[in-house]
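Residue strings, one per chain:
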Amino acid sequence: MIGGMMIILVSVWVYQSLMRAQKDNVMIWVAVCAAVFFGVQFLLVDVNIAVMEAFKADPEGYERELTSVGDRKNEGGFQGFWGVLQSLFFELFPPLAGFVAVAFLKTLVILKESLTIGHLFGGVKEMFVSIKDSFKTSN
């Protein structure tokens, strides 16, 4: 869900940045950036699943039968405050890493600008302002 909202925002951000820079093939670059975002997110979600399964691994080899009644044994891994931090990290890291990967692609490959924080994330504020302004109605 978070990744879905992020890809919409990233696509709008890339589109607005490329239109402002007057680049050719804007929609192709937006599609490439969306594919990069999805690819990075897919890989990191897969890594997150492997890490979480490693935390939950039961050294005694507990394996429940399919016909048994009751909950699975879900002990292991972090619990309490560290469990909340772990869950936040595993939920937010893939879309944020996809956003950063698209920022690098947009800055270095598409716009061919120097690698600075201002160039990497330039246009994000303008995007949110334009989204906010789109909800205004005229009398």
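This section reports on the structure supplied with the text. None of the values given here were measured: they were computed from a predicted structure. (Residues numbered from 1 in each chain as written. Predicted model: local features only at pLDDT ≥ 70, side-chain atom pairs only at ≥ 80, totals over all residues. Heavy atoms only, no water.)

**Details of the overall build of the protein**
And then number 1: In terms of helices and strands, the protein carries five helices and zero strands.
And then number 2: The buried share among the 139 residues of the protein stands at 24%.
And then number 3: Within the protein, residue pairs in contact and separated by at least 24 positions form 66% of the contacts whose partners lie at least 6 positions apart.
And then number 4: Of the accessible surface of the protein, which amounts to about 9900 Å², a share of 66% is contributed by carbon and sulfur atoms. (Helix = DSSP H or I, 4+ residues; strand = E, 2+ residues; numbered from the N terminus. Buried < 20%, exposed > 50% of the residue type's maximum accessible area, 1.4 Å probe, protein only. Contact = heavy atoms within 4.5 Å. Areas by Shrake-Rupley, 256 points an atom, 1.4 Å probe, with all protein chains shown as cover.)

**Comments concerning the packing of helix α1 (residues 2–20) against helix α5 (residues 124–134)**
And then number 1: Here α1 crosses α5 at 105 degrees, and the two axes come no closer than 10 Å. Of the possible angle classes, the one that applies to α1 and α5 is roughly perpendicular. Only Val124, Glu126, Met127, Phe128, Ser130 and Ile131 of α5 make contact with α1, whose side of the interface consists of Leu9, Val12, Trp13, Gln16 and Arg20.
And then number 2: Tallied by class, residues from the contact of α1 with α5 come to seven nonpolar, two polar and two charged. (Axes fitted to C-alpha atoms, helices over the stretch in contact; angles between N-to-C directions. Parallel < 35°, antiparallel > 145°, perpendicular 65-115°, else oblique. Nonpolar A, V, L, I, M, F, W, Y, C, P; charged D, E, K, R; others polar.)

**Remarks on the packing of aromatic side chains**
And then number 1: Scanning all chains against the criterion turns up six aromatic pairs.
And then number 2: Each ring, one from Phe37 and one from Phe38, has its centre 6.2 Å from the other, and the planes form 75 degrees; the classification is edge-to-face.
And then number 3: Three or more aromatic residues link up through ring pairs in this structure, and these residues are Trp13, Phe99 and Phe121. (Phe/Tyr/Trp six-rings, centres within 6.5 Å; stacked < 30°, edge-to-face > 60°.)

**Points about a nonpolar patch on the surface**
And then number 1: A cluster of nonpolar side chains, contributed by Phe81, Trp82, Val84, Leu85, Leu88, Leu92 and Leu96, occupies part of the molecular surface with about 700 Å² of accessible area.
And then number 2: As for its position among the elements, Leu92 is in helix α3 (residues 81–110).
And then number 3: Taking relative accessible area as the criterion, Leu92 reaches 34% and is therefore assigned partly exposed. (Patch = residues over 30% accessible without salt bridge, like charges linked within 9 Å, V, L, I, M, F, W, Y side chains within 5 Å. Salt bridge = Lys/Arg side-chain N within 4 Å of Asp/Glu carboxyl O.)

**Let's talk about unusual backbone geometry**
And then number 1: Here the phi dihedral of Gln22 falls at roughly 55 degrees; this positive angle occurs in a residue that is not glycine.
And then number 2: Mapped onto the secondary structure, Gln22 falls in the loop between α1 and α2 (26–56).
And then number 3: Given the relative accessible area of 70%, Gln22 is considered exposed.
And then number 4: Of note, Lys112 is a non-glycine position whose phi angle comes to about 55 degrees, a positive value.
And then number 5: Given the relative accessible area of 66%, Lys112 is considered exposed.

**Some points on the packing of α1 against α3**
And then number 1: Where α1 contacts α3, the axes come no closer than 10 Å and their chain directions differ by 15 degrees. Here α1 lies roughly parallel to α3, going by the angle between them. The two elements α1 and α3 cross, and the hand of that crossing is right-handed. Where α1 abuts α3, its residues Ile2, Gly3, Met6, Val10, Trp13, Val14, Ser17 and Leu18 lie against Glu91, Leu92, Pro95, Leu96, Phe99, Val102, Ala103, Lys106 and Ile110.
And then number 2: Residue classes in the contact of α1 with α3 are distributed as 13 nonpolar, two polar and two charged. (Left-handed = near helix turned anticlockwise from the far one by under 90°.)

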